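Okay, here's what each chain looks like letter by letter:
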Amino acid sequence: MEPSVSGGALVASNLSYVQPTESSAWGTFLAQVDRVTPFLGHLERWAETLRRPKRTLIVDVPIELDNGEFAHFEGYRVQHSLSRGPGKGGVRYHPDVTLEEVMALAAWMTVKNAAVNLPYGGAKGGIRLDPRKLSLKELERATRRYTSEIGVIIGPLQDIPAPDVNTDAQVMAWMMDTYSMNVGSSSPGVVTGKPIHLGGSLGRVKATGRGVFVMGCAAMRRLNMPVAGARIAVQGFGNVGSTVAELFAQAGAKIVAVQDSRGAVFNAQGLKISELAAHVAGHHGVADFSGGESMAREEFWDVGCDVLIPAALEGQIDVFRANRLKARLVLEGANGPTLPQADDVLESRGVVVLPDVICNAGGVTVSYFEWVQDFASFYWTEEQINQRLDKIVLDALDQIWEVSQKRRISLRTAAFVVGCERILTAHEERGLYP
Ligand code: NAD
């Protein structure tokens, strides 16, 4: 790519290996960077680093299938920034995973870790595969080969993966074991979200959903919205969506609608979340749940509710849906669920959006606790974990809310201001190598 001169700095004109669009994940991240840049003062001169992932690795993941045939999958690990510490971010297994998506997810991790002030950069990984089409043994072989391939850039002090969509504690156990075998010593700190017996942390599984709930309640207090009786709609009923639905239901809110990849259900009186969880465990989705009325998946966006919680995938709230949805408050459990143009629509309609980079930071916060406990080989109680989690995310929320009010900017831009100031200050203090 030809270098060009811009604003007195020497920069390449753009990245040759992705073609972002307005609605793609990387395009969304770039638009968010454009929005924060005018608020960065003298740090603006470093902002181009945010648009360029530091390190991008694409690997071939070949495995032998149970029937003796071979299959190849594409795997990725992107370290977006390492200025504030090691890379940190999950690994996603999904048939639609692309390099561009992983780049955006890695970048959002950089901003998130900085916005809640964890000592990490940002990274993310993924394999382009459909886990539902593989046996457990095939999934294990893919995980182990992927871990070996990205082993050149991960490690407890380099980059620490964790679970994301379709990956869980078992996948983390295989990753930890493979990395440990390759380096010749047991290395629990290389991944977080591990099983408890392997150095996992109490409270990690529910941490993301808990963070969404705790910050959601705090936001509702500020907006004078009582939690008891509030009508809540949740998209995605996996790790994040099911936990946050359960916690809000326990607090007296009504979960009036849930949508997932298989269907959508509605109950004006509130769905019984434990029964829905049992149904999903047996049927792999919310469709046909007898405790509510089935509805077309698109109708989910028209449901009368006070709070909407997207907790599935990115790019779900576009302009069309933003104009229709009824909620006063959106809690982004998912990463990147709202497109920039939809953000503008929501703002003009007076809908408050608690953005992903703060709202779902509970997971990485407890991942940080897990990593610290692994180094110390000394483990905390669940009560200690939850107390520390609540304090970190609520302090971060207070700070971002204040910046938003003072500078009259959205909570998303405020979270980016707080995060990007920390990232770029670290970058500036370290200086440009060599
Ligand atoms: P998961 O795999 O446990 O669950 C994903 C859910 O989304 C499932 O219910 C699935 O049916 C649903 N879904 C998938 N595609 C959909 C579609 N097209 N329409 C509607 N629903 C769909 O994943 P998770 O860990 O709960 O992650 C959900 C989101 O939260 C992702 O954006 C992830 O990046 C983000 N997140 C997760 C964590 C974590 O700790 N797991 C932390 C921070 C952010």
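Quick caveat: nothing in here was measured; it's all calculated off a predicted structure.

## What to know about the site of the ligand
Phase 1: Lining the immediate surroundings of the ligand are 23 residues, of which D164, T208, F237, R297 and N335 lie closest.
Phase 2: Within the backbone of G333, an N or O atom sits 3.4 Å from an oxygen atom of the ligand.
Phase 3: Notes on the ligand: free accessible area 830 Å², of which the protein chains cover 86%.
Phase 4: Counted by class, the shell around the ligand contains 7 nonpolar, 11 polar and 5 charged residues.
Phase 5: Both domain 1 (4-198) and domain 2 (207-359) contribute no fewer than three residues apiece to the shell around the ligand.

## Looking at the domain arrangement of the protein
Phase 1: Looking at the protein, the domain boundaries give domain 1 (4-198) and domain 2 (207-359).
Phase 2: Listed per partner, the contact involves 19 residues of domain 1 and 15 residues of domain 2.
Phase 3: Both faces combined, the contact of domain 1 with domain 2 buries some 1,400 Å², and carbon together with sulfur accounts for 52% of it.
Phase 4: Interface area lost by domain 1 to domain 2 is led by R35, W108 and K112, which between them contribute 34%.
Phase 5: Applying the counting criterion to the domain 1 and domain 2 interface returns 2 salt bridges.
Phase 6: The residue R92 makes a salt bridge to E314 at a minimum N-O spacing of 3.1 Å.
Phase 7: Where domain 1 meets domain 2, there are 4 residue pairs in polar contact (both at pLDDT 80 or more).

## Re the sheet that holds strand β3 (residues 55-64)
Pairing between sheet strands relies on hydrogen bonds along the backbone, with the strands arranged either parallel or antiparallel.
Phase 1: Strands sit in the order β3-β4-β6-β5-β7 across an open sheet of 5 strands; the sheet is mixed. Of all the strands in the sheet, the pair left with one neighbour each is β3 and β7 (159-163). Averaged over all adjacent pairs, the angle separating strand axes in this sheet is 20 degrees, with direction ignored.
Phase 2: Across 3 bridges, strand β5 (residues 87-93) lies against strand β6 (residues 122-127) in parallel orientation.

## Quick notes on the environment of Q316
Phase 1: Along the chain, Q316 turns up in the loop between β12 (307-310) and α8 (319-324).
Phase 2: The exposure class assigned to Q316 is buried, which follows from its relative accessible area of 17%.
Phase 3: When the C-alpha atoms of Q316 and V18 are compared, they prove to be 21 Å apart, with 298 residues separating the residues in sequence.
Phase 4: Once residues lying within four places of it in the same chain are set aside, the contact partners of Q316 are Q235, W301, R321 and P337.
Phase 5: For Q316, the side chain forms a polar contact with the side chain of Q235, separated by 2.8 Å.

## Examining the pairing of β12
Looking along a regular strand, one sees the side chains alternate between the two faces of the sheet.
Phase 1: Alternating positions in β12 separate into two faces, V307 and I309 on one and L308 and P310 on the other, with burial throughout.
Phase 2: Examined bridge by bridge, strand β8 (residues 231-235) and β12 share 4 bridges and lie parallel to one another. The residue bridging V234 from the neighbouring strand is I309, located in β12.
Phase 3: As paired elements, β12 and strand β13 (residues 329-331) share 2 bridges and run parallel to each other. Each bridged residue has a counterpart across the sheet, and for L308 the counterpart in β13 is V330.
Phase 4: Crossover handedness for the path β12 to α8 to β13: right-handed.

Reading guide: rules and limits
- Residues numbered from 1 in each chain as written.
- Predicted model: local features only at pLDDT ≥ 70, side-chain atom pairs only at ≥ 80, totals over all residues.
- Heavy atoms only, no water.
- Near = heavy atom within 4 Å.
- Polar contact = N/O pair within 3.5 Å; in protein donor to acceptor, adjacent residues only side chain to side chain.
- Areas by Shrake-Rupley, 256 points an atom, 1.4 Å probe, with all protein chains shown as cover.
- Nonpolar A, V, L, I, M, F, W, Y, C, P; charged D, E, K, R; others polar.
- Domains from an automatic or database assignment.
- Contact = heavy atoms within 4.5 Å.
- Buried area = accessible area lost by both parts, 1.4 Å probe.
- Salt bridge = Lys/Arg side-chain N within 4 Å of Asp/Glu carboxyl O.
- Pairing = 2+ DSSP bridges.
- Helix = DSSP H or I, 4+ residues; strand = E, 2+ residues; numbered from the N terminus.
- Axes fitted to C-alpha atoms, helices over the stretch in contact; angles between N-to-C directions.
- Buried < 20%, exposed > 50% of the residue type's maximum accessible area, 1.4 Å probe, protein only.
- Right-handed = clockwise from strand over helix to strand, strands pointing away.

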